[in-house]
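Letter by letter, the chains look like this.
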Amino acid sequence: MVPNIFSAGLDITEFYQKKPEETDAFWRTLQDVFLRLYGSKLVTIAAISGHSPAGGCLLAMACDYRVMATGKYTIGLNETLLGIIAPFWFIETMKNTIGHRETEKSLQLGKLYSPEQAENIGLVDQICPPDDVLGCARKEMVKWLKIPDHARILTKQLMRNELINNLSSKRKEDIYNFTSFVQKDSIQRSLGLYLESLKKKKS
Ligand SMILES: CCCCC/C=C\C/C=C\C=C\CC(=O)SCCNC(=O)CCNC(=O)[C@H](O)C(C)(C)COP(=O)(O)OP(=O)(O)OC[C@H]1O[C@@H](n2cnc3c(N)ncnc32)[C@H](O)[C@@H]1OP(=O)(O)O
């Protein structure tokens, strides 16, 4: 577990100034990771140790339960702030987590929530001091593991199969959409500026 950062989201350099075949392969891998995690028969609990923007938020939402560290961290789908858009399966996952209306506001504004705000809207299930996040996640895991596995798994599948089947049937189209979107000159310019701004913030 890395302190302060759960995940910085997708590595933008993987789709900045890259060839279409490279961005295709990158997106296919992301789809694989998501489908495996969201559809996992195992109990999955995200111990969110710090910042969790965009793709990081997606990974956390793909789990069954989320524990987030308190502190000056943020979580959310901030794609619009980068001049890009969240694909349909990011949107559906967020709708399944916090509901339609909150998702609509959240996505249009590219909102990044503090741990307390995230807990209030149900984006995370629990907040804990940073040095206790793993402990809280473990405690929660014990509860989930007491449930008969077959019943829990079937319930999870009933709740999640619609999205899994939808994405599975549209994978090629989704890859095509991603690559044609990120290869646009205007999007490449936005991504370049965003990467520069991250570096400037650091210096
Ligand atoms: C019509 C159909 C449409 C189909 C779909 C179309 C499009 C969808 C496309 C894409 C979806 C993308 C989802 C994403 O996940 S995009 C990534 C979003 N992530 C962020 O915005 C986070 C950016 N990072 C930060 O805010 C901070 O780094 C963070 C708060 C996480 C940590 O701060 P800290 O101060 O500790 O670290 P830094 O010094 O800022 O960063 C270190 C180093 O890393 C670079 N960097 C940070 N994040 C990223 C990243 N996500 N990708 C690439 N590089 C990143 C940063 O520039 C520094 O680099 P260097 O100076 O050390 O070289």
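Here the structure is shown first, and the text comes after it.
About the criteria used
- Residues numbered from 1 in each chain as written.
- Predicted model: local features only at pLDDT ≥ 70, side-chain atom pairs only at ≥ 80, totals over all residues.
- Heavy atoms only, no water.
- Helix = DSSP H or I, 4+ residues; strand = E, 2+ residues; numbered from the N terminus.
- Rg over C-alpha atoms; globule rule 2.2 N^0.38 Å.
- Buried < 20%, exposed > 50% of the residue type's maximum accessible area, 1.4 Å probe, protein only.
- Contact = heavy atoms within 4.5 Å.
- Areas by Shrake-Rupley, 256 points an atom, 1.4 Å probe, with all protein chains shown as cover.
- Lys, Arg positive; Asp, Glu negative; His and termini not counted.
- Charge placed at Lys NZ, Arg CZ, Asp CG, Glu CD.
- Pairing = 2+ DSSP bridges.
- Axes fitted to C-alpha atoms, helices over the stretch in contact; angles between N-to-C directions.
- Near = heavy atom within 4 Å.
- Polar contact = N/O pair within 3.5 Å; in protein donor to acceptor, adjacent residues only side chain to side chain.
- Expected span 1.5 Å × (residues − 1).
- Arc of directions from axis to C-beta.
- Phe/Tyr/Trp six-rings, centres within 6.5 Å; stacked < 30°, edge-to-face > 60°.

(A) Representation of the overall build of the protein chain within the structure. Tallying secondary structure elements over the protein chain gives 9 helices and 6 strands in all. A compact globule built from 203 residues would reach a C-alpha radius of gyration of about 17 Å, and the protein chain, at 17 Å, matches this within 12%. For the protein chain, the C-alpha atoms occupy an extent of roughly 50 × 40 × 30 Å along the three principal directions. Sorting the 203 residues of the protein chain into buried and exposed places 41% on the buried side. In the protein chain, the share of contacts with a sequence separation of at least 24, taken over all contacts with a separation of at least 6, comes to 72%. With an accessible surface of roughly 11300 Å², the protein chain has 57% of that area assigned to carbon and sulfur atoms. Taken together, the 27 basic and 23 acidic charged side chains of the protein chain have centroids lying 1 Å from each other.

(B) Broad picture of the sheet that holds strand β2 (residues 45-48). Read across the open sheet, the 3 strands follow the order β2-β4-β6; overall the sheet is parallel. Among the strands making up the open sheet, the edge pair consists of β2 and β6 (126-128). Geometrically, the sheet is characterised by an average inter-axis angle of 20° between neighbouring strands, direction not taken into account. Along the sheet, helix α6 (residues 133-145) makes contact with β2, β4 (65-69) and β6, crossing β2 at roughly 170°.

(C) Just the site of the ligand, in detail. Contacts to the ligand come from 25 residues, most closely from Ala-8, Leu-10, Gly-55, Tyr-194 and Lys-202. Take Leu-10: an N or O atom from its main chain is 2.7 Å from an oxygen atom of the ligand. In the model, an oxygen atom of the ligand is placed 3.0 Å from a nitrogen or oxygen of the Lys-199 side chain. Across the complex, the protein chains shield 75% of the 1200 Å² of accessible surface that the ligand would expose by itself.

(D) Seen up close, helix α1 (residues 20-38). Taking 1.5 Å of rise per residue, the 19 residues of α1 would be expected to cover 27 Å, and the 27 Å separating its terminal C-alpha atoms lies within 8% of that figure. Along α1, the residues that are buried comprise Thr-23, Phe-26, Trp-27, Leu-30, Gln-31, Phe-34, Leu-35 and Tyr-38. Down the axis of α1, the buried side of the element spans an arc of 165°, and every buried residue falls inside it. With respect to the buried face of α1, the exposed residues turned more than 90 degrees away are Glu-21 and Arg-36. Buried positions along α1 lie against α2 (55-61), α3 (88-98), α7 (149-169) and α8 (171-182).

(E) Representation of the packing of aromatic side chains in the model. Within the structure shown, the criterion is met by 9 aromatic pairs. For the ring pair Trp-27 and Phe-90, a centre distance of 6.1 Å and an interplane angle of 10° mean the geometry is stacked. Here Trp-27, found in helix α1, pairs with Phe-90, found in helix α3; they are 63 residues apart in sequence, far enough to count as distant. Judged by relative accessible area, which is 2%, Phe-90 ranks as buried. Plain terms: the ring middles of Tyr-65 and Trp-144 are 6.2 Å apart, the flat faces sit at 70° to each other, and that makes the pair edge-to-face. Residue Tyr-65 is located in strand β4, and its partner Trp-144 is located in helix α6; the two are separated by 79 residues in the primary sequence. Residue Trp-144 is classed as partly exposed on the basis of its relative accessible area of 24%.

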